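# Inside the fold
Each chain is listed here by its residues.
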Amino acid sequence: MALELNKQYNFLTPLYEIEKRNGHRMVHCVCTCGKTRDVYVNSLLSGAAKSCGCMNDAARQAAGARIRKHNTYNLDDNKVGVGYTTNTGLEFYFDKEDYDFIKDYNWTEKMDHGQQTGYIKMMVWNNNKPHVVYLHRFILEKNGKNIEGKTVDHVNHKPYDNTKLNLRVCEHFENIVACKTYSNNTSGRKGVYWDKARGKWMVVLTINKKTHHLGRFDDFDEAVRARENAEQKYHGEFHFEG
């Protein structure tokens, strides 16, 4: 079969031939969607190349629409809406004024090695690759916040609470400062450790990414007070008690 220029083949119309590629004839085509694409002549004639790729995207999106799960919501409260993740049923919170932003997506809870985390996310496709989008970042971006290169912190440390008053844009090191006490901290108080060699409580604090030693104390409560005073002085609003 001979190629005919300006004749439509499926969704592609060849306009003119271009330089051969790998020894095979190539033709520059325009798709019915308006985009252009260079195609092997044999692929066009055999039907292997049907469009610029838009029909593949449409098919994938249609398939996704058929299997997409939808969240259920409770909007009875005057200001705060409640959603339920489709994978674990976890309640998550948002301002009702943001409902129109989030209602058409499938929100799930992030799982970490089978454990629930409380973080709410969805999956989107970009350049034919899946990308994770978190609800707390999504909400701020939809409200016009520039958060590129920034961390979004949950003030009350509840990642399922995505009301805007609970979302705070910060640098990564500020987010680390605000985090809870790690579970492997045996003293129960962040920055306070038992120095077995000296038989005293050692207090440290990270300031501008550097760890500073605040001293050693015989009394645990005194050590905690020293840590809290330093947190209030150097960490300000990102000070977390716990």
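Our structure's up above, just so we're on the same page.
Predicted model only: the values in this text are computed from it and were never measured.

## Some points on the side chain of Thr85
Relative to the assigned elements, Thr85 resides in the loop between strand 5 (80-84) and strand 6 (91-95). Of note is the side chain of Thr85, whose polar atom sits 2.9 Å from the backbone nitrogen of Leu90. Discounting chain neighbours no more than four positions away, the residues touching Thr85 are Asn71, Leu90, Phe92, Trp107, Thr108, Glu109 and Ile120.

## Some details on the side chain of Asp161
Residue position: Asp161 is located in the loop between strand 10 (151-154) and strand 11 (167-170). For the buried Asp161, no salt bridge exists, and the shortest N-O distance to an oppositely charged side chain is 6.6 Å, to Lys158. When sequence neighbours within four positions are dropped, the list of residues in contact with Asp161 reads Tyr93, His154, Asn156, Asn166 and Leu167.

## Side note on the pattern of salt bridges
Inspection of every chain in the model, using the stated rule, returns 10 salt bridges. The closest approach of N and O atoms between Lys164 and Asp95, which form a salt bridge, is 3.1 Å. In this pair, Lys164 sits in the loop between strand 10 and strand 11 while Asp95 sits in strand 6, placing the two residues 69 residues apart along the sequence. Relative accessible area serves as the criterion here: at 22%, Lys164 is assigned to the partly exposed category. Across the salt bridge formed by Arg216 and Asp195, the nearest N and O atoms sit 2.8 Å from each other. Linking Arg216 in strand 14 (residues 210-217) with Asp195 in strand 12 (residues 192-195), this pair joins segments that are 21 residues apart in sequence. According to the relative accessible area criterion, Asp195 is buried, its value standing at 10%.

## Description of the state of the cysteines
Per the counting criterion, the structure on display carries zero disulfides. Left unpaired, Cys29 is separated from the closest cysteine sulfur, that of Cys31, by 9.4 Å. Of the residues examined, Cys29 reaches a relative accessible area of 0% and is grouped as buried. Note on Cys31: relative accessible area 5%, which makes it buried.

## Regarding the nonpolar core
Formed by 16 residues in total, the largest nonpolar core has its most connected members in Phe92, Ile102, Trp107, Leu135 and Phe138. Listing elements by their share of this core, those giving two or more residues are strand 6, strand 8 (115-126) and helix 4 (135-142). By residue number, the principal contributor to this core is helix 4, which donates four residues. Every residue in contact with Ile102, bar those within four places of it in the chain, is listed here: Tyr73, Phe92, Phe94, Trp107, Leu135, Phe138 and Ile139. Counting 11 residues, the second-largest nonpolar core is a separate cluster that includes Leu3, Tyr9, Leu44 and Ala49.

## Points about helix 4
Leu135, His136, Phe138, Ile139 and Leu140 are the residues of helix 4 that are buried. Gly144 lies just past helix 4 and shows a positive phi near 85°.

## Let's talk about the sheet that holds strand 1 (residues 12-21)
In space, the three strands of this open sheet follow the order 1-2-3, with antiparallel pairing throughout. Lying at the two open borders of the sheet, with one neighbouring strand each, are strand 1 and strand 3 (36-40). Ignoring strand direction, the axes of neighbouring strands in this sheet form an average angle of 30°. Relative to strand 3, strand 2 (residues 24-31) runs antiparallel, the two sharing five bridges. Its bridge partner being in strand 3, Val27 is matched across the sheet by Val39.

## Examining the pairing of strand 1
One ladder, built from seven bridges, connects strand 1 with strand 2; its direction is antiparallel. Within strand 2, the residue paired with Leu12 across the bridge is Cys31. Remark: two residues form the turn of the hairpin made by strand 1 and strand 2, two consecutive strands paired antiparallel; Asn22 in that turn has positive phi of roughly 55°.

About the cut-offs
Residues numbered from 1 in each chain as written. Predicted model: local features only at pLDDT ≥ 70, side-chain atom pairs only at ≥ 80, totals over all residues. Heavy atoms only, no water. Helix = DSSP H or I, 4+ residues; strand = E, 2+ residues; numbered from the N terminus. Polar contact = N/O pair within 3.5 Å; in protein donor to acceptor, adjacent residues only side chain to side chain. Contact = heavy atoms within 4.5 Å. Buried < 20%, exposed > 50% of the residue type's maximum accessible area, 1.4 Å probe, protein only. Lys, Arg positive; Asp, Glu negative; His and termini not counted. Salt bridge = Lys/Arg side-chain N within 4 Å of Asp/Glu carboxyl O. Disulfide = S-S within 2.5 Å. Core = buried A, V, L, I, M, F, W, Y, C linked by side-chain atoms within 4.5 Å. Pairing = 2+ DSSP bridges. Axes fitted to C-alpha atoms, helices over the stretch in contact; angles between N-to-C directions.

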